Amino acid sequence: VKCIRDTSPPITPLTDLQIRPLTEADGQRYAEVYWAGFEFEDPLFIEWMERQPSMDRWRTFGAFDGDDLAAVGALFLNGDFGGMSGAATLPAFRNRGAQGALIAARIEAAAMEGCSWVISETGADAEDDPNPSLHNLHRHGFTDLYDRRNWRIQLSDQ
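Keep in mind it's a predicted model, so treat the numbers as computed, not measured.

> Break down the packing of aromatic side chains for me, citing the residues and quoting the values.
Tallied over the full model, the rule gives 3 aromatic pairs. When the centroid spacing of 4.9 Å and the interplanar angle of 85° are considered together, the rings of tyrosine 34 and tryptophan 35 count as edge-to-face. No difference in accessibility class separates tyrosine 34 from tryptophan 35, as the two residues are buried. A centroid spacing of 5.8 Å and a plane angle of 85° characterise the contact between tryptophan 48 and tryptophan 58, whose relative ring orientation is edge-to-face. Of this pair, tryptophan 48 sits in helix α2 (residues 43–51) while tryptophan 58 is found in strand β3 (residues 58–65), placing the two residues 10 residues apart along the sequence. Taking the relative accessible area as the measure of exposure, tryptophan 48 reaches 27% and is therefore partly exposed. An aromatic cluster of at least three residues, connected via ring pairs, comprises Trp48, Trp58 and Phe76. Above the face of the phenylalanine 64 ring, arginine 20 is positioned so that its terminal group lies 3.5 Å from the ring centre.

Here it is, written out as structure tokens:
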């Protein structure tokens, strides 16, 4: 589901985690948390993810429990739009408000960077499989634009 909202101030989520921007020094841990949150790895993509906190037009954020990085989220700046992507929470830290707080931080960052809109996408709800990410977006003022198809290419070994 592709979702959108303006950059008006977001709700203040409740969390006991500390939200802060990530730096180049956080790159490896950022990539590890992202992929562990999704419970899979792609070595080439992990290398790219490690560089993301220092890339131009990317803003990355972390939710910390003390020194432990519990959750991450990214924002890509593109003119009038901020695109939220790459959010994950480690299983041990779920249900503590990390993603709501990271959504709010990215909306605020988009506004500070001069964006008027924030977009995001996540999986649709299914009757037997509700999507907490979609519910988080709705709680933070996002509305659905449309359902987007996911395509996967199967490359031949030849």
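The discussion continues.
> Account for the layout of surface pockets, naming residues and giving values.
In this structure, the largest pocket occupies an estimated 1,100 Å³ of space. For the largest pocket, the lining is made up of 40 residues, of which Phe38, Ala87, Ala88, Gln99 and Ser133 are closest to its centre. For the lining of the largest pocket, the elements supplying multiple residues, two or more each, are α1 (27–38), α2, β5 (81–89), α3 (98–112), β6 (117–121) and α4 (132–139). Per element, the largest residue contribution to the lining of the largest pocket is 6 residues, and it comes from β5. One number sums up the size of the second largest pocket: a volume of about 290 Å³. If you go around the second largest pocket, the residues you meet are Val1, Glu121, Thr122, Gly123, Ala124, Asp147, Arg148 and Asn150. A breakdown of the residues in the lining of the second largest pocket according to their chemical character gives 2 nonpolar, 3 polar and 3 charged.

Cut-offs applied
Residues numbered from 1 in each chain as written. Predicted model: local features only at pLDDT ≥ 70, side-chain atom pairs only at ≥ 80, totals over all residues. Heavy atoms only, no water. Phe/Tyr/Trp six-rings, centres within 6.5 Å; stacked < 30°, edge-to-face > 60°. Buried < 20%, exposed > 50% of the residue type's maximum accessible area, 1.4 Å probe, protein only. Helix = DSSP H or I, 4+ residues; strand = E, 2+ residues; numbered from the N terminus. Lys NZ or Arg CZ within 6 Å of the ring centre and 35° of its normal. 1 Å grid on protein atoms, 1.4 Å probe; cavity = no way out; pocket = protein on both sides within 12 Å on 5 of 7 lines; lining within 4 Å. Points joined across faces, edges and corners; volume = space filled by probe spheres on them. Nonpolar A, V, L, I, M, F, W, Y, C, P; charged D, E, K, R; others polar.

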